[in-house]
Amino acid sequence: MRILLTGGAGYIGSHTTLTLLEHGHDVVVVDDLLNSKRAAVERVESLSGRTVPLHVFDLRDETRLDQLFARERFDAVIHCAGLKAVGDSVARPLDYYGNNLDSTFAVLAAMARHDVRRLVFSSSATVYGENAPLPCQEDHRPLSATSPYGQTKVMIEQVLTDVASARDGLRVALLRYFNPVGAHPSGRIGEDPQGVPNNLMPVIARVAVGRLDRLQVFGADYPTADGTGERDYIHVMDVAMGHLRALEHLDAMVQPARAFNLGTGTATSVLQLLAAFERACGHPLPYDVVPRRPGDVPANWADPARAQQELGWRATRGIDEMCADTWRWQSQNPSGYPER
Ligand code: NAD
Ligand code: UDP
């Protein structure tokens with residue numbers, strides 16, 4: 001298939017692009033590079049031995065998007081582009097609602113004009129909010145989120161479901177990622193957060209490589225096995241494979257839009273992840289326990305049964321592999337991708 005991958009220079013998008021290329025698909029990327037670097041796409045090209053056209057513009061530029069659709073005749077769209085920092089979204093809600101919703105509207109309008117009927121969307125486990133029973137199951141209602149970022153995912157899922165119901169033949173997979181971590185095993189592409197990282201794995205990786213002094217553990221008094229927060233970490237290469245499986249499944253989907261959890265089904269605590277990373281990097285990592293971070297849930301993990309049964313997808317990589325691959329990427333690229 002000829003695929004438009006929005007946000008293809010970003011963390012999930014770059015790994016997904018590589019996986020699609022390795023399975024014989026053609027990929028064209030649109031990315032505004034606000035949270036990513038051109039080098040990510042160049043490294044995907046060198047790893048795959050294939051060319052990946054990169055168009056640098058904001059998806060809300062409907063004229064350029066329309067011209068691209070007219071030229072490329074896409075078979076499918078994978079829509080990864082979006083702003084994604086939870087705390088930032090609380091400070092700048094209008095930027096998040098504006099960017100994430102309007103870019104999705106622009107993609108949908110172009111798909112309608114050019115009769116493209118397959119869409120895979122990057123949603124998030126954040127749509128389960130604070131009160132969903134564990135493990136999280138796709139049919140849980142109501143969806144709710146605790147941040148403007150999360151609300152954009154809830155709203156976009158609703159928009160896509162309504163549009164797919166109204167437009168004959170459109171099929172949409174809503175992929176709810178749990179906590180993507182890790183990197184391609186080559187160490188050539190990986191997660192390169194711009195500015196101060198917020199998520200646990202990039203913080204641990206920066207402590208390991210000496211870019212940060214210590215990890216702050218946000219709370220050790222949760223009702224969990226060791227008192228620290230538990231999450232369902234999933235290897236980014238498994239997430240990438242989830243996109244391929246979803247894409248292959250779209251034409252067989254009975255419902256116009258369907259949600260799928262991409263998680264392992266197991267929870268790992270902060271201290272367990274830290275210990276696994278120490279095994280990977282070979283030295284102890286200093287940390288302090290500090291108060292809980294506002295808005296954090298004690299624990300969260302997926303029921304991945306639907307993706308297994310309907311997509312034929314399951315996570316195959318464990319915590320040690322996630323840490324080893326993250327460490328290879330971080331130690332080989334201590335400052336992330338080069339500027340160009
Ligand atoms: P990322 O920031 O690395 O990649 C997103 C890319 O989209 C960036 O390169 C950014 O510059 C680009 N972008 C944003 N708005 C754009 C616009 N209007 N036009 C063109 N390009 C635009 O993020 P990621 O971690 O790769 O996440 C990809 C998607 O997955 C996002 O939608 C995110 O919300 C979702 N998601 C990520 C995680 C995670 O932990 N990484 C978890 C759940 C869901
Ligand atoms: N966490 C932490 N220190 C950090 C960042 C995160 O202790 O510097 C904890 C956080 O409280 C949560 C877990 O690590 O229990 C995962 O946090 P992350 O932000 O990576 O994912 P999310 O909370 O969005 O699922």
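Values in this document were obtained by computation on a predicted structure and should not be read as measured data.

Draft legend 1. Broad picture of the overall build of the chain. Each helix and strand counted, the chain has eleven helices and 13 strands in total. Expected size for 340 residues packed as a compact globule is a radius of gyration near 20 Å; at 19 Å, the chain falls within 12% of this value. C-alpha atoms of the chain, sized along the principal axes, occupy 55 × 45 × 40 Å. Counting only residues that meet the buried cut, the chain has 54% of its 340 residues in that class. In the chain, of all internal contacts separated by at least 6 residues, the share reaching a separation of at least 24 is 81%. Within the structure as shown, the chain displays about 14200 Å² of accessible surface, and the carbon and sulfur contribution to it stands at 49%. Computed over 34 positive and 41 negative side-chain charges, the inter-centroid distance for the chain is 3 Å.

Draft legend 2. Representation of the site of ligand 2. Lining the immediate environment of ligand 2, one finds 14 residues, of which Leu-200, Gln-216, Arg-231, Arg-293 and Asp-296 sit closest. One of the side-chain nitrogen or oxygen atoms of Asn-179 is found 3.0 Å away from an oxygen atom of ligand 2. A distance of 2.6 Å separates an oxygen atom of ligand 2 from a polar atom in the side chain of Asp-296. With the chains in place, 88% of the 510 Å² that ligand 2 exposes on its own is no longer accessible. Per-element tally for the shell around ligand 2: the top contributor is strand β8 (residues 215–218), with four residues.

Draft legend 3. A look at the site of ligand 1. Inspection of the region around ligand 1 gives 26 residues, with Asp-31, Asn-35, Ser-36, Lys-84 and Tyr-149 positioned closest. Ser-36 is positioned such that a nitrogen or oxygen atom in its side chain is 2.6 Å from an oxygen atom of ligand 1. In the environment of ligand 1, an oxygen atom lies 2.7 Å from a nitrogen or oxygen atom belonging to the side chain of Lys-84. Protein chains shield 95% of the accessible area of ligand 1, which is 820 Å² for the free molecule. Put simply, the parts of the chain that give the shell around ligand 1 at least two residues each are α1 (11–22), α5 (93–113), β5 (118–124) and α6 (148–166). With three residues, β5 is the largest single contributor of residues to the shell around ligand 1. Of the residues contributing to the shell around ligand 1, the split by class is eleven nonpolar, ten polar and five charged.

Draft legend 4. Here's a closer look at helix α3 (residues 62–72). Of all the positions in α3, only Leu-65, Leu-68, Phe-69 and Glu-72 are classed as buried. Buried residues of α3, seen end-on, are gathered within an arc of 100 degrees and therefore sit on one face of the element. Residues of α3 that are exposed and point more than 90 degrees away from the buried face comprise Thr-63 and Arg-71. Packing partners of the buried residues in α3 comprise β1 (2–6), β2 (26–30), β3 (54–55), β4 (76–79) and α5.

Criteria and thresholds
- Along each chain, residues carry numbers from 1 onward, in the same order as the chain's sequence is written.
- Both sets of labels track the order of writing: A upward for chains, 1 upward for ligands.
- Totals for whole chains, interfaces and linings use all residues, but because this is a predicted model, local features are given only for residues with pLDDT of at least 70 and pairs of side-chain atoms are given and counted only at 80 or more.
- Just so you know, side-chain values use all the structure's heavy atoms and leave hydrogens and water out.
- Note on conventions: DSSP H or I runs of at least 4 residues are helices, E runs of at least 2 residues are strands, and numbering of each starts at the N terminus.
- Radius of gyration here uses only the C-alpha atoms, and the compact-globule reference equals 2.2 Å multiplied by the residue count raised to the power 0.38.
- Buried, partly exposed and exposed residues are distinguished by accessible area as a fraction of the type maximum, computed with a 1.4 Å probe on protein chains only: under 20%, between the cut-offs, and over 50%, respectively.
- Only heavy atoms enter the contact rule, under which two residues are in contact if any of them lie within 4.5 Å.
- Using a 1.4 Å probe, the Shrake-Rupley method yields the accessible areas, and only the shown protein chains count as cover for residues.
- When charges are counted, Lys and Arg contribute as positive and Asp and Glu as negative, whereas His and the chain ends are disregarded.
- Charged groups are reduced to one reference atom each: NZ for lysine, CZ for arginine, CG for aspartic acid, CD for glutamic acid.
- Here, proximity means that at least one heavy atom of the residue falls within 4 Å of the molecule or strand.
- Here a polar contact means two N or O atoms within 3.5 Å. Within protein one must be a hydrogen donor candidate and the other an acceptor candidate, and residues neighboring in sequence count only if both atoms are side-chain atoms.
- Each residue is assigned to one class: nonpolar for Ala, Val, Leu, Ile, Met, Phe, Trp, Tyr, Cys and Pro, charged for Asp, Glu, Lys and Arg, and polar for all the others, Gly among them.
- Directions pointing from the helix axis toward each C-beta atom define the arc.

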